[in-house]
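Structure assessment
Spelled out from the first residue to the last, the chains are:
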Amino acid sequence: MTGPERDPHATNDPTDQAVAGSPADQAPAGVPADQALAGSPADRPEDGPVAGQPRRSGLRNPEAAVRGLGAGTLGLEALVLLLAIQPVRVVGGDLSGAAIGVVVALAVAAIVLAGMMRRPWAWNAGTVLQGLLMLGGLLHWSLLGLGIIFALVWAYALHVRRVILG
């Protein structure tokens, strides 16, 4: 093409032009009219948080997202505990009936807590659950290992909760 670059799809139709007061007039330079944000500049995410208001996470429902994280963590823990019984029994040796009972009880407790994550005390109960799993290490060393791993995962979930909810 000679001269300035032209958009082959562009038309000179005046109805394609932005109307005064439309979002296209409020769009910053370089932002297409169809992506312009309406409203005041304080409503725009690129302007950052407004003074005096808490920082938003960008999630539509941060409480539900955090509950899902906690429930998913506890559900995964329950699944791993139940699936670990047989390999630990075969490979690790003498996994007593009491240890199997503790593992099943902890898995059931994790599933119940996963369903109760709407309650504020459920996060504290999940922390206690991790401690009980580590105490299960007195019955078999592998329970201590699982307890440490899931305590670290739970600590990370608590950290994410604190960051998102403030």
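So, a few notes on the structure that sits alongside this text. (Residues numbered from 1 in each chain as written. Predicted model: local features only at pLDDT ≥ 70, side-chain atom pairs only at ≥ 80, totals over all residues. Heavy atoms only, no water.)

**Topic: empty space enclosed by the protein**
Over the atoms rolls a probe the size of a water molecule, and in doing so it shows where empty space is left. If you walk through the whole model with that rule in mind, you get 1 cavity of 30 Å³ or more. Within this model, the largest cavity holds a volume of roughly 40 Å³. The set of elements that each furnish at least two residues to the lining of the largest cavity consists of α2 (62–91) and α5 (141–165). Counting residues per element, the lining of the largest cavity draws most heavily on α2, at 4 residues. Among the residues making up the lining of the largest cavity, the classes are represented as 8 nonpolar, 1 polar and no charged. (1 Å grid on protein atoms, 1.4 Å probe; cavity = no way out; pocket = protein on both sides within 12 Å on 5 of 7 lines; lining within 4 Å. Points joined across faces, edges and corners; volume = space filled by probe spheres on them. Helix = DSSP H or I, 4+ residues; strand = E, 2+ residues; numbered from the N terminus. Nonpolar A, V, L, I, M, F, W, Y, C, P; charged D, E, K, R; others polar.)

**Observations regarding the nonpolar core**
Grouped together as the largest cluster of nonpolar side chains are 25 residues, with contacts concentrated most on L74, L81, M117, W123, L129, L133 and L146. For this core, the elements supplying multiple residues, two or more each, are α2, α3 (97–115), α4 (121–135) and α5. Each residue touching L129, except ones within four places of it in the same chain, is listed here: L74, E77, L106, A109, A110 and L113. (Core = buried A, V, L, I, M, F, W, Y, C linked by side-chain atoms within 4.5 Å. Buried < 20%, exposed > 50% of the residue type's maximum accessible area, 1.4 Å probe, protein only. Contact = heavy atoms within 4.5 Å.)

**Some remarks on the packing of α2 against α4**
One can describe the packing of α2 onto α4 by two numbers: an axis separation of 12 Å at closest approach and a directional angle of 25°. By the criterion of interaxial angle, the relationship of α2 to α4 is roughly parallel. The handedness of the crossing between α2 and α4 is left-handed. Here V66, R67, G70, L74, E77 and L81 of α2 lie close against α4, whose contacting residues are W123, L129, Q130 and L133. (Axes fitted to C-alpha atoms, helices over the stretch in contact; angles between N-to-C directions. Parallel < 35°, antiparallel > 145°, perpendicular 65-115°, else oblique. Left-handed = near helix turned anticlockwise from the far one by under 90°.)

Keep in mind that these numbers describe shape and distance, not what the molecule does.
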